[in-house]
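# Chain and residue survey
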Amino acid sequence: MLIQHTFRKHRTFWLLATGFLLMLGGCKQPSMLERIQEEGVLRVITRNSPATYFQDRNGETGFEYELAKRFAKDLGVDLEIETADKVDDLFSRLGQAEGPVIAMAGLVASESRKSEVRFSHPYLDVTPQVIYRNGDRRPTRPNDLVGRRILVLKGSSHAEQLAALKASMPGLKYEESDEVEVVDLLRMVDEGEIDLTLVDSNELAMNQVYFPNVRVAFDLGDATSLAWAMAPGEDNSLLDEVNAFLDKSRKDGTLQRLKDRYYGHVDVLGYVGAYTFAKHLQQRLPRYEPHFRKASQKSEVDWRLLAAIGYQESLWQPTATSKTGVRGLMMLTEGTAQAMGVSNRLDPKQSIHGGGKYFAMIKDGLSDDLKEPDRTWFALAAYNIGIAHLGDARKLAKAEGLDPNKWLDVKKMLPRLSQKQWYRKTRYGYARGGEAVHFVQNIRRYYDILTWVTQPQMEGSQLAENTTHLPGVNKTRPTKEQDERL
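Residues numbered from 1 in each chain as written. Predicted model: local features only at pLDDT ≥ 70, side-chain atom pairs only at ≥ 80, totals over all residues. Heavy atoms only, no water.

### Quick look at the environment of Met-340
For the record, the criterion: Numbering of helices and strands starts at the N terminus; helices are DSSP runs of H or I of at least 4 residues and strands are runs of E of at least 2. Any two residues whose heavy atoms approach within 4.5 Å at even a single point are treated as in contact.
Within the element layout of this structure, Met-340 appears in the loop between α13 (334-339) and α14 (348-365). It is 9.4 Å that separates the C-alpha atoms of Met-340 and Gly-356, two residues lying 16 residues apart in sequence. With residues near it in sequence (within four places) discarded, Met-340 still touches Gly-354, Lys-357, Tyr-358 and Met-361.

### Section: the pattern of salt bridges
Just so we agree on the cut-off: The term salt bridge refers to a side-chain nitrogen of Lys or Arg lying within 4 Å of a carboxyl oxygen of Asp or Glu. For every residue, the accessible area obtained with a 1.4 Å probe (protein chains only) is divided by the maximum for its type, and the residue is called buried under 20%, exposed over 50%, and partly exposed between those limits.
Inspection of every chain in the model, using the stated rule, returns 25 salt bridges. Ionic pairing is found between Glu-98 and Arg-43, a salt bridge with its closest N-O pair at 3.9 Å. One end of the pair, Glu-98, is in the loop between α4 (87-92) and β5 (102-108); the other, Arg-43, is in strand β1 (residues 41-46), with 55 residues separating them in the sequence. Relative accessible area serves as the criterion here: at 16%, Arg-43 is assigned to the buried category. Between Arg-424 and Asp-85 there is a salt bridge, with its nearest N and O atoms 2.1 Å apart. Residue Arg-424 is located in the loop between α18 (420-423) and α19 (433-453), and its partner Asp-85 is located in the loop between β4 (78-83) and α4; the two are separated by 339 residues in the primary sequence. Using a relative accessible area of 28% as the deciding quantity, one classes Asp-85 as partly exposed. Salt bridges linked by common partners bring Glu-39, Arg-43, Glu-80 and Glu-98 together as one network.

### Describing the packing of helix α15 (residues 374-385) against helix α16 (residues 387-399)
For the record, the criterion: With axes taken as lines fitted to C-alpha atoms, and helix axes fitted only over the stretch in contact, angles between N-to-C directions fall between 0 and 180 degrees. For classification, angles of less than 35 degrees are called roughly parallel, those exceeding 145 degrees roughly antiparallel, those between 65 and 115 degrees roughly perpendicular, and all remaining angles oblique. Gly falls in the polar group here, along with every residue not listed as nonpolar (Ala, Val, Leu, Ile, Met, Phe, Trp, Tyr, Cys, Pro) or charged (Asp, Glu, Lys, Arg).
Direction vectors running N to C along α15 and α16 enclose 125°, while the axes themselves pass 7 Å from each other. Judged by the inter-axis angle, α15 sits oblique to α16. In this structure, α15 contributes Phe-378, Ala-381, Ala-382 and Ile-385 to the contact, and α16 contributes Ile-387, His-389, Leu-390 and Arg-394. Per-class residue counts for the contact of α15 with α16 are six nonpolar, one polar and one charged.

### Let's talk about the sheet that holds strand β12 (residues 214-219)
Just so we agree on the cut-off: Pairing between strands requires that DSSP locate at least two bridges from one strand to the other.
If you walk across this open sheet you meet the three strands as β11-β8-β12, and the pairing is antiparallel. Because the sheet does not close on itself, it has two edges, and the strands there are β11 (197-200) and β12. The mean inter-strand angle of the sheet, taken between neighbouring strand axes irrespective of direction, is 45°. Where strand β8 (residues 128-133) lies against β12, five bridges are found, and the strand directions are antiparallel. Paired with Ile-131 across the two strands is Val-216, which belongs to β12. The strands touched by helix α5 (residues 157-168) are β8 and β11; relative to β11, the strand with the most contacts, the crossing angle is about 130°. Sitting on the sheet, helix α6 (residues 182-190) is in contact with β8, β11 and β12, with an inclination near 35° to β8.

### Comments concerning empty space enclosed by the protein
Space left empty within the atom packing is revealed by a probe, the size of a water molecule, rolled over the atoms. Stated precisely, the cut-off is as follows: Within this scheme a cavity is a closed region of a 1 Å grid, computed over the protein atoms alone, that accommodates a 1.4 Å probe without allowing it to escape, whereas a pocket is open but has protein on both sides within 12 Å along at least five of seven lines; lining residues each have an atom within 4 Å of a point. Grid points are joined across faces, edges and corners, and a volume is the space filled by probe spheres set on the points.
Evaluation of the coordinates by the stated rule reveals six cavities of 30 Å³ or more. Its volume calculated, the largest cavity comes out at about 140 Å³. The wall of the largest cavity is formed by 17 residues, among which Arg-47, Gly-106, Leu-153, Ser-156 and His-158 lie closest to the centre. If you list the elements that add at least two residues to the lining of the largest cavity, you get α4, β5, α5, α6 and β11. Per-element accounting of the lining of the largest cavity gives the leading share, four residues, to β5. A class-by-class count of the residues in the lining of the largest cavity yields nine nonpolar, four polar and four charged.

### So, the nonpolar core
As a reminder, the rule being used: Nine residue types can take part in a nonpolar core, namely buried Ala, Val, Leu, Ile, Met, Phe, Trp, Tyr and Cys, and a core is a set of them joined through side-chain atoms within 4.5 Å.
By size, the foremost hydrophobic cluster in this structure holds 57 residues, and its most contacted members are Phe-292, Trp-316 and Tyr-383. Listing elements by their share of this core, those giving two or more residues are α10 (274-283), α11 (285-299), α12 (303-314), α14, α15, α16, α17 (407-413) and α19. Residues Leu-124, Val-126, Leu-238 and Val-242 belong to the second largest nonpolar core, which totals 32 residues.

This is the structure:
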């Protein structure tokens, strides 16, 4: 009996144990990819910078953002973006509960970082470059870095490169800072605050047009690859899905299209001289002047101001397309065009009328405490950079004891929106505020010239260079290469 009782006892134990194991097997934990799809959200961490993620007048944009948005769409989930103030934070926040699962921030897959995170397949090849100021002594090799003022991003792959160089070159000195971004570094070189910095070739390509004194000294090492980073672990479901997406994006041309959009060209408006404006004034404006005049009647905006905006945006070219997909003579986004009743952005008449309507709407939407003529200059800045970023600049002006209702004061603050020490304090973050200042200045200059040459005594007369004096127009002809390009 004792043996039989013991047997039954052991049999019961094994049955319970087997059942428990079967239950565990039936309650298999969902994979990372399955959890993302169940929750319906892809959480991503990135940097607030022009090469990764920022907001402009068209909304959220940036190379990394565009790629992340496409990946989230492929997964059938929403995209949730958060930004890190420091490079090191990108890695430390990965894998935290309810935190980001991927870091998409122009990260070089260096050997030291591979011990901290797992990297995806590469999606962009870049070259680390030493940057110096034009007119200074140009370094041509690593030994020339000794004795120069060098600043790089703290925790960046460039800091790793310099640390490796210092091991063999003890005289090399450099500083790291997490209070700056790449744009700050380029500005500091451009203005002579530092002698040298290191940036990747893609970020230089995007920003060089804004810093006329910045030059490449030499490439520091071979090309490297950018990749997305994920927390370490055994679960490869998300990593495998990311790799499949990036491989597909490379194959179907998505990556190449994004590269061309963000890094493929330099903004030609930065090189257009007054001579070219005079040329286009005669050859292009007469085709579109009637549309500007009619749009002016509907929008109650001076037609010459609308024409100046159109020239700054597209050089009066109805088929113009920007790197961010904005199209037409007045450079309207698809969403803005629809809202303004424009069905074909490449139709110059529709574009001009839509642009006039949009500018009038922006101007009317500004706060009542903005008076003319400042109100017009604020509206132009908002047309370029967006009302939200303009509001950030006004708040910075007020904090500095300046008048937030005066363009002369606020335009001093707008360039700060591209400097990390300032934009980190704002609600809407990074913006090319300096570009907005140039946008307004250029339009005011074009507007002044248009106003002068279209005085009442000249209405209806044909503008000819041999009979018309254009104040402020430089008659020095561009080089043949520049002229052909324009």
